[in-house]
Amino acid sequence: MNIWLKEVDINDDDKYCNLLIELASYHDVYARPVPSGFSKNDFDSFKKARIQMASGIDLPSFVVPTNTYFVMDDDMPIGYATLKHKLKPNIPGGHLGCCLKKEYQNKGIGRMVSEMLSEVAYYDLGIEKLIYTSKCENIQSQRSISKMGASFVGKQDGYYFY
C-alpha cells in the first residue's frame, strides 16, 4: 500500500465522487463526509465549498477553516479526511476526521492518516494543539488515538476527548 493525502481540487473526477457516494451509504460510519442523499449533481458544489473552507475566506461565522483530503492508495481514493484549523470559531486547537472504505478499515490506515494530518497541522499550518475525539462506541478510533500517544481528557455528549 502507498497511502497519501490529496487535497480536494476543482478538477477531481467521478472516481472521487463515487467514493463519496459510497461512504455516504454507510449506516455505521462515524465521520460521514457528505449527507446520505449525496449524488453526482452535488459534487461540483461540494468541491467549491471545500476549497473555500480551506482558504478560510468569506466563511460564515460558525464555520472554521478546514482542509479536506481524499485518502489515496496509489491512484485510488479509499477514504476522506478533514483537518479543522480550530475546534470551533472561538476555541483554538485543530481537529481531525477520517472515513475509510470498509475494506480499508482496521488495517492501521486511520492512524497513518491521523499522523499525516498531524504533521500538516503542525508544520504547514502552525497548529500546535490538536484535539482528538471519538464517539464512545467507536473502539477502532479510540485504539488509533491511543497508539498515537494521545492522553484521555474526558467524556462529553457521547464523545471521548484526547
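What you are looking at is a predicted structure, and each value in this text was computed from that prediction instead of being measured. (Residues numbered from 1 in each chain as written. Predicted model: local features only at pLDDT ≥ 70, side-chain atom pairs only at ≥ 80, totals over all residues. Heavy atoms only, no water.)

Quick look at helix α4 (residues 139-147)
Those residues of α4 lying buried are Ser141, Gln142, Ser144 and Ile145. All buried residues of α4 project into a common sector of 165° when viewed along the axis, lining one side. Turned more than 90 degrees off the buried face of α4, the exposed positions are Arg143 and Lys147. Buried-residue contacts for α4 involve α3 (109-124), β6 (133-135) and β8 (159-161). Just beyond α4, the residue with positive phi is Gly149, at close to 90°. (Buried < 20%, exposed > 50% of the residue type's maximum accessible area, 1.4 Å probe, protein only. Helix = DSSP H or I, 4+ residues; strand = E, 2+ residues; numbered from the N terminus. Arc of directions from axis to C-beta. Contact = heavy atoms within 4.5 Å.)

Comments concerning the sheet that holds strand β1 (residues 3-7)
The five strands lie next to each other as β1-β2-β3-β4-β5, forming an open sheet whose pairing is mixed. The sheet is open, and its two borders are formed by β1 and β5 (130-131), each paired with just one other strand. Bridge analysis of β1 against strand β2 (residues 66-73) gives five bridges, and the strand direction is antiparallel. Counted as the bridge partner of Ile3 is Asp73 from β2. (Pairing = 2+ DSSP bridges.)

Re the packing of aromatic side chains
Per the counting criterion, the structure on display carries seven aromatic pairs. An aromatic cluster of at least three residues, connected via ring pairs, comprises Phe38, Phe43, Phe46 and Tyr80. Lying across the ring of Tyr16, Lys6 places its NZ or CZ 5.1 Å from the centre. Residue placement shows Lys102 over the ring face of Tyr26; its charged tip is 4.5 Å from the ring centre. (Phe/Tyr/Trp six-rings, centres within 6.5 Å; stacked < 30°, edge-to-face > 60°. Lys NZ or Arg CZ within 6 Å of the ring centre and 35° of its normal.)

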